[in-house]
Amino acid sequence: MAKKIDEEALAEAYNRALALEKAGEIDAAVRAYEEVLAIDPEDHGGAAVRIASMGRGDTPARAPDAYVETLFDQHAEVFEDVLVEQLGYHVPMLVRQRLQELKLGPFKRMLDLGCGTGLTGGTLRDLCGEMTGIDISENMVEIAHEKDLYETLFVAEVEDFLEDNDEEPFDLITATDVLPYLGALEPLFFGAAENMTKGGLFIFSSETLPEDDTRTYAVGPHQRFLHAENYIRERLTATGFELVEITDINVRMQEGEPSPGHLVIAKLG
């Protein structure tokens, strides 16, 4: 049985940590976030990611499931408005444009990883025979379900789903806005390859580490993972994918500044 979290102590420690981080008192903020983790080891508030975003501690291999689930469950109702209208997020449209430009498709079976409320599914619906959507947030999946876009929807963490799934393989797998919640990419890329027909396409977006940063991935100032372009290329090749194209894009606006990223199309060899 999970031990009951002391919500009051947790809120106090988390608010104190945020205030210290805002004030630039990094050491004290890290100590306060460590207190948060001690009270809530599952890390619903993403303390580990915040510590990493301040350049301390080990960079986690992915954002904690409890954090991502909580984040999206809380924002599900306003998600599309915030993402599209306020943050200028148009990656699903860019995916469609690139597919049409390269004359790729139509597809028999699409798997939409991190489907959210169905933005990518809605944009590609007419190009796909059947669509399956996966998201860790139950509230998001409920909204996607109401749109009647997908034949099948699952509430699951993406990497876990890919590992356990034994359905027919897919000839298109999309992961728009999934990489910012993952650090190490091997499980995602390997899982995608395992669930895909030979010659199938894997399309995803990433936010990019600055070129002068020598790390393979890191947590950026907005608590989202950034990946080096070379790391993405290497991991794709190592997993049996051929790169079709990698396009520079602006993923979204953050505090008025563009978030440079890539839109990647790879083909399973």
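Above: the structure in question.
These numbers come from a predicted model, not from an experiment.

Participant: Just give me the short version of the state of the cysteines, but keep the residues and values in it.
Facilitator: Between two cysteines, a covalent bond joining their sulfur atoms is known as a disulfide. Tallied over the entire structure, the rule returns 0 disulfides. Cysteine Cys-115 is unpaired, with the sulfur of Cys-128 as its nearest cysteine sulfur at 13 Å. Since its relative accessible area comes to 5%, Cys-115 is described here as buried.

Participant: I'd like to hear about empty space enclosed by the protein, residue by residue, with values.
Facilitator: Within this structure, the stated rule accounts for 1 cavity of 30 Å³ or more. Estimated volume of the largest cavity: approximately 360 Å³. For the largest cavity, the lining is made up of 24 residues, of which Phe-72, Gly-114, Asp-135, Asp-177 and Val-178 are closest to its centre. Taken together, the elements giving at least two residues each to the lining of the largest cavity come down to α4 (65-75), α5 (79-86) and α7 (119-124). It is α4 that contributes the most residues to the lining of the largest cavity, 3 residues altogether. Its residues placed into classes, the lining of the largest cavity shows 15 nonpolar, 4 polar and 5 charged.

Participant: Quick rundown of the packing of aromatic side chains? Include the residues and the values.
Facilitator: Each aromatic ring pair is described using two quantities: the centre-to-centre distance and the angle formed by the ring planes. Counted under the stated rule, the structure contains 10 aromatic pairs. With centroids separated by 5.4 Å and ring planes inclined at 75°, the aromatic side chains of Phe-72 and Tyr-181 adopt a geometry described as edge-to-face. With Phe-72 in helix α4 and Tyr-181 in the loop between β4 (170-175) and α10 (186-194), this residue pair connects regions lying 109 residues apart in the sequence. Across this residue pair, the class does not change: Phe-72 and Tyr-181 are buried.

Rules used throughout
Residues numbered from 1 in each chain as written. Predicted model: local features only at pLDDT ≥ 70, side-chain atom pairs only at ≥ 80, totals over all residues. Heavy atoms only, no water. Disulfide = S-S within 2.5 Å. Buried < 20%, exposed > 50% of the residue type's maximum accessible area, 1.4 Å probe, protein only. 1 Å grid on protein atoms, 1.4 Å probe; cavity = no way out; pocket = protein on both sides within 12 Å on 5 of 7 lines; lining within 4 Å. Points joined across faces, edges and corners; volume = space filled by probe spheres on them. Helix = DSSP H or I, 4+ residues; strand = E, 2+ residues; numbered from the N terminus. Nonpolar A, V, L, I, M, F, W, Y, C, P; charged D, E, K, R; others polar. Phe/Tyr/Trp six-rings, centres within 6.5 Å; stacked < 30°, edge-to-face > 60°.

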